[in-house]
Amino acid sequence: MTQIAAEASYANQFADLQKKAPLPGCLGALRDDAFECFDRLGFPTRRLESWRFTNIAPIAETNFVQPTDRQDYTRNAFNAMGLPKLGGVEFVFLNGTYAPSLSTIDGLPDGLRVRSLGEVLDNDPDTVIPHLGRIARFEHQAFTALNTAFLRDGAVVEVPEGIVVGEPIHLIFITSSTGLPTLCQPRVLVIAGATSQVQVVESHVGTDVASYLNNAVTEVSVGDQATVDHYTIVLEGESAFRVGNLQASVGRASNFSSHTITLSGAIVRNEASVVLEGEGGECTLNGLYLASGRQLVDNQTTIDHARPHCDSHELYKGVLDGQSSAVFNGKIVVRLDAQKTDAKQSNKALLLSEDAQVTTKPQLEIFADDVKCTHGATVGQLDPDSLFYLRSRALSEQQARQVLIHAFAADLLGHIKVGAVRQQLDSILLDRLPMLSGS
Amino acid sequence: MLNIRDLQASAGSRQILKGINLTVNPGEVHAIMGPNGSGKSTLAGVLAGRDGFKVTGGTVDFRGQDLLDLEPEQRAREGLFLAFQYPVEIPGVNNAYLLKAALNEVRKYRGEPELDAMDFMAVARERMKLLEMDDAFLNRPVNDGFSGGEKKRNEIFQLAVLEPSLAVLDETDSGLDIDALKIVATGVNALRNSDRAIVVVTHYQRLLNYIVPDFVHVLSGGRIVKSGGKELALELEDKGYSWLEPTPVAAEA
Ligand SMILES: Nc1ncnc2c1ncn2[C@@H]1O[C@H](COP(=O)(O)OP(=O)(O)OP(=O)(O)O)[C@@H](O)[C@H]1O
Ligand SMILES: [Mg+2]
């Protein structure tokens with residue numbers, strides 16, 4: 001199918017949605033605006049600077065359809081997926097729709113509210129109106145516009161002022177198609193009140209080999225002096241496409257961290273943007289990706305230092321094998337007003353094969369004069385001296401490679417505060433190593 | 001145990017080892033001395049299977065096997081251990097993790113049951129005592145941030161855990177302070193037995209006061225130009241290398 005035909009098909013799907021599941025008032029208008037935007041922008045092409053190295057023709061030329069209901073999907077099938085178990089509540093979404101029967105929501109801590117977006121749109125839209133589409137702007141982002149146009153379900157996490165949530169909230173998005181290429185567009189909104197603390201983990205998982213597109217948008221509002229740690233674990237199917245957009249607005253003296261761990265998916269584009277809107281804010285954007293075969297993993301980050309005395313730390317690491325490729329673009333903006341900014345960015349890639357490649361671009365736009373900004377990028381191979389050292393200690397070449405790859409990647413996991421998340425990710429990582437030892 | 005015959009090796013276009021002959025029997029301690037750049041570390045590297053050297057002639061028999069035919073890890077499992085002149089720092093790899101993996105590889109190869117974490121820690125702690133090392137080293141990344149002397153001591157600690165049949169110590173004494181030198185030498189001596197052979201590469205007679213060798217060899221210009229008993233080390237200390245043939249490497253380069 002051509003791109004034009006595919007886009008026309010979304011127009012029909014959109015009209016259908018507006019007819020069958022309309023949203024009242026300004027939310028309906030938001031959808032209209034968003035679709036109009038998508039229609040105007042079209043899917044991005046490589047002529048756009050931020051898509052220069054990421055060819056999404058396979059996405060643009062596929063006619064993805066709205067997912068079907070999967071009433072037949074059983075709890076046993078869910079359990080069999082062996083997803084990370086984090087100990088806290090689990091909200092499960094199947095093909096974009098909240099699946100109460102798969103979820104474990106007992107023991108939600110006092111004061112914390114986690115609801116499906118569908119329910120909130122029906123019963124309590126005023127909660128989300130001030131935030132939806134305000135943090136994740138879509139005027140220049142076709143995928144975000146598309147997600148917003150089809151706004152329907154997802155997760156809404158509200159942490160009232162002063163509430164400290166101990167255990168991570170796990171949001172699990174499963175795509176399980178029934179044949180036709182499916183378009184899932186989960187939406188997450190996290191509203192953390194002043195001085196609250198919360199950890200949110202999103203796992204995006206595909207159960208089958210069929211091609212689908214998971215176009216996810218997450219908006220996070222971090223109140224003054226609040227702490228929000230966000231994790232995205234990408235475990236999409238091997239023919240799956242993922243485009244994720246995480247946008248956070250960070251208040252005064254608050255702390256926001258994001259970890260994006262990409263473990264599978266054919267084409268994965270992760271965007272993460274943070275605006276430090278209050279003085280004394282702190283933000284950490286970390287990412288780890290493992291790529292092999294012909295996978296393409298693209299991480300785009302933006303940290304906007306809008307106010308003075310904010311710190312940001314950024315570390316992205318990737319391991320590439322086979323003919324995989326990766327793109328990292330790290331943009332740091334320091335506004336005129338943002339004196340005493342301290343921004344550090346580092347990007348490291350480990351290439352295990354000669355055919356793998358990585359493109360790195362730091363992009364600093366600094367308008368204030370009293371700031372510290374550092375960035376560095378390294379691309380390297382496994383160190384032969386280290387390999388020999390390990391082999392001289394009786395480890396096989398394969399083992400030695402795995403030990404070194406693990407050390408490289410686990411360094412990033414070391415920054416993860418939640419023990420359960422760190423351990424689960426480490427065991428997934430160890431499982432994947434045999435596929436990545438770069439033969 | 002080890003029988004090196006006319007071993008020749010090059011790196012790039014440069015011939016470094018030019019016909020080494022050396023026989024080491026179980027229970028013996030051999031010292032190899034010689035000027036900088038004479039090929040001592042190259043010999044150690046070729047024995048351990050380091051990449052980058054090309055063996056251009058000769059044979060090495062290790063416990064009845066053609067050593068040069070084996071991968072580095074097979075040599076280690078067969079009982080060869082090299083204490084590196086410059087131990088590599090490996091950030092992110094835990095010292096205890098590496099050593100447990102190494103010991104279990106060796107044990108598997110010998111047909112012995114693998115050790116679980118607890119049994120391994122018991123062995124490791126006991127060996128740390130032998131080398132008067134703090135347990136904290138076990139949980140640090142391999143050599144990462146270790147001082148020069150600590151790295152050397154860590155090599156001998158690994159040796160003590162792995163219990164190889166042939167240990168080659170490449171300038172383990174350099175970088176050690178006087179107390180550490182005694183501790184390391186005591187550790188090595190504790191590992192001496194009638195089945196195990198040790199080859200120490202050193203520049204200093206001092207180490208040989210503690211680890212007393214059965215034989216001393218002088219490696220110069222890629223050849224062993226003189227062999228003798230422990231008195232040879234004293235003589236070298238006194239006279240240097242210039243009285244020995246052939247002329248040092250500088251003249252040959
Ligand atoms: N990969 C290499 N390529 C080229 N030359 C090499 C290589 N490795 C070693 N050499 C050279 O071979 C010679 C012998 O080096 P080697 O490290 O074996 O000396 P050594 O006897 O251990 O010296 P030292 O006492 O200083 O440790 C040196 O001149 C060195 O520069
Ligand atoms: Mg040397």
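Cut-offs and rules
- Residues numbered from 1 in each chain as written.
- Chains lettered and ligands numbered in written order.
- Predicted model: local features only at pLDDT ≥ 70, side-chain atom pairs only at ≥ 80, totals over all residues.
- Heavy atoms only, no water.
- Helix = DSSP H or I, 4+ residues; strand = E, 2+ residues; numbered from the N terminus.
- Buried < 20%, exposed > 50% of the residue type's maximum accessible area, 1.4 Å probe, protein only.
- Contact = heavy atoms within 4.5 Å.
- Areas by Shrake-Rupley, 256 points an atom, 1.4 Å probe, with all protein chains shown as cover.
- Lys, Arg positive; Asp, Glu negative; His and termini not counted.
- Charge placed at Lys NZ, Arg CZ, Asp CG, Glu CD.
- Pairing = 2+ DSSP bridges.
- Axes fitted to C-alpha atoms, helices over the stretch in contact; angles between N-to-C directions.
- Core = buried A, V, L, I, M, F, W, Y, C linked by side-chain atoms within 4.5 Å.
- Domains from an automatic or database assignment.
- Phe/Tyr/Trp six-rings, centres within 6.5 Å; stacked < 30°, edge-to-face > 60°.
- Donors = N, O, S within 2.8 Å, 3.2 Å for Na, K, Ca; no water.
- 1 Å grid on protein atoms, 1.4 Å probe; cavity = no way out; pocket = protein on both sides within 12 Å on 5 of 7 lines; lining within 4 Å.
- Points joined across faces, edges and corners; volume = space filled by probe spheres on them.
- Nonpolar A, V, L, I, M, F, W, Y, C, P; charged D, E, K, R; others polar.
- Near = heavy atom within 4 Å.
- Polar contact = N/O pair within 3.5 Å; in protein donor to acceptor, adjacent residues only side chain to side chain.
- Buried area = accessible area lost by both parts, 1.4 Å probe.
- Salt bridge = Lys/Arg side-chain N within 4 Å of Asp/Glu carboxyl O.

> Any details on the overall build of chain A? Residues and values, ideally.
Across its full length, chain A holds nine helices and 20 strands. Its C-alpha atoms give chain A principal-axis dimensions of roughly 70 × 55 × 50 Å. Taken over 439 residues, chain A has a buried fraction of 59%. Restricting the contact set of chain A to residue pairs at least 6 apart, pairs at least 24 apart contribute 84%. For chain A, the exposed area adds up to about 16700 Å²; of that, 49% sits on carbon and sulfur atoms. Charge centroids of chain A, computed over 35 positive and 51 negative side chains, lie 3 Å from each other.

> Hey, could you go over the sheet that holds strand β2 (residues 14–24) of chain B for me, with residue numbers and the actual values?
All names here are of chain B. The strand order across the open sheet built from four strands is β2-β1-β4-β5, with neighbouring strands paired in antiparallel fashion. In the strand order of this sheet, the two ends are held by β2 and β5 (65–66), each with one partner. With seven bridges connecting them, strand β1 (residues 2–11) and strand β4 (residues 54–62) associate as antiparallel partners. Bridging across to β4, Gln8 finds its partner in Gly57. The sheet contacts of helix α1 (residues 40–48) involve β1, β2 and β4, and relative to β1 the element is tilted by about 110°.

> Break down the nonpolar core for me, with residues and values.
As a rule of thumb, soluble globular proteins bury nonpolar side chains together. Counting residues in each nonpolar core, the largest one holds 125 residues, and the members touching the most others are Leu425(A), Leu2(B), Ile4(B), Phe157(B), Leu166(B) and Leu169(B). Considering each element in turn, this core owes the most residues, nine residues, to helix α8 (residues 397–413) of chain A. The two domains that each donate at least three residues to this core are domain 1 (3–278) and domain 2 (383–439) of chain A. Non-local contacts of Leu2(B), meaning those with residues more than four positions away in its chain, are made with Leu22(B), Thr23(B), Val24(B), Leu47(B), Val60(B), Asp61(B), Phe62(B) and Leu166(B).

> Give me the packing of aromatic side chains: which residues, what numbers.
Residue and element names in this part refer to chain A. With the rule as written, the count across this model stands at 16 aromatic pairs over all chains. Ring centres 5.7 Å apart and planes at 35° place the aromatic pair Trp51 and Phe143 in the tilted group. Taken together, the residues Trp51 in the loop between α2 (25–41) and α3 (57–60) and Phe143 in helix α6 (residues 142–149) connect sequence positions 92 residues apart. Judged by its relative accessible area of 6%, Trp51 falls in the buried class. For Phe143, a relative accessible area of 4% puts it in the buried group.

> Could you give an account of the coordination of the magnesium ion (ligand 2), naming the residues involved and the relevant values?
Residue and element names in this part refer to chain B. At this site the magnesium ion (ligand 2) is bound by Ser41 (OG) and Gln85 (OE1), with donor distances of 2.0 to 2.2 Å. With Ser41 in helix α1 and Gln85 in the loop between β6 (80–83) and β7 (90–94), this residue pair connects regions lying 44 residues apart in the sequence. Classification of Ser41 by relative accessible area gives partly exposed; the value is 32%. Taking the relative accessible area as the measure of exposure, Gln85 reaches 15% and is therefore buried.

> Can you tell me about the layout of surface pockets, naming the residues and giving the values?
Residues and elements named next belong to chain A. The computed volume of the largest pocket comes to approximately 960 Å³. As for the largest pocket, its lining consists of 41 residues, and the residues nearest its centre are Ser50, Gln141, Glu271, Thr302 and Lys331. Mapped by element, the contributors of at least two residues to the lining of the largest pocket are α6, β13 (267–276), β15 (296–305), β17 (325–334) and β19 (357–366). With six residues, β13 is the largest single contributor of residues to the lining of the largest pocket. The residue inventory of the lining of the largest pocket, partitioned by class, reads 14 nonpolar, 15 polar and 12 charged.

> Describe in detail the site of ligand 1, supporting the description with residues and values.
Residue and element names in this part refer to chain B. Around ligand 1 sit 15 residues in total, of which Gly37, Lys40, Ser41, Thr42 and His203 are the nearest. Contacts to ligand 1 include Gly37, whose backbone N or O atom sits 2.8 Å from an oxygen atom. For ligand 1, an oxygen atom lies 3.2 Å from a polar atom in the side chain of Glu171. Alone, ligand 1 offers 640 Å² of accessible surface; in the complex the protein occludes 64% of this.

> Please set out the domain arrangement of chain A residue by residue, giving values where relevant.
Residue and element names in this part refer to chain A. Here chain A is described as being made up of domain 1 (3–278) and domain 2 (383–439). A straight line from the C-alpha centre of domain 1 to that of domain 2 covers 31 Å. Counting residues at the interface gives 15 residues for domain 1 and 12 residues for domain 2. Between domain 1 and domain 2, roughly 1100 Å² of surface is buried when both sides are summed, and carbon and sulfur atoms account for 74% of that area. At the surface where domain 1 touches domain 2, the tally comes to one salt bridge. Notably, a salt bridge pairs Asp229 with Lys417, separated by 3.2 Å at the nearest N-O pair. Taken together, domain 1 and domain 2 are joined by three residue pairs in polar contact (both at pLDDT 80 or more). Looking at the side of domain 1 that touches domain 2, the elements that each hand over two or more residues are β8 (197–206), β10 (227–235) and β12 (255–264). The dominant element in the side of domain 1 that touches domain 2, judged by the number of residues it contributes, is β10, at five residues. Counted by class, the side of domain 1 that touches domain 2 contains nine nonpolar, four polar and two charged residues.

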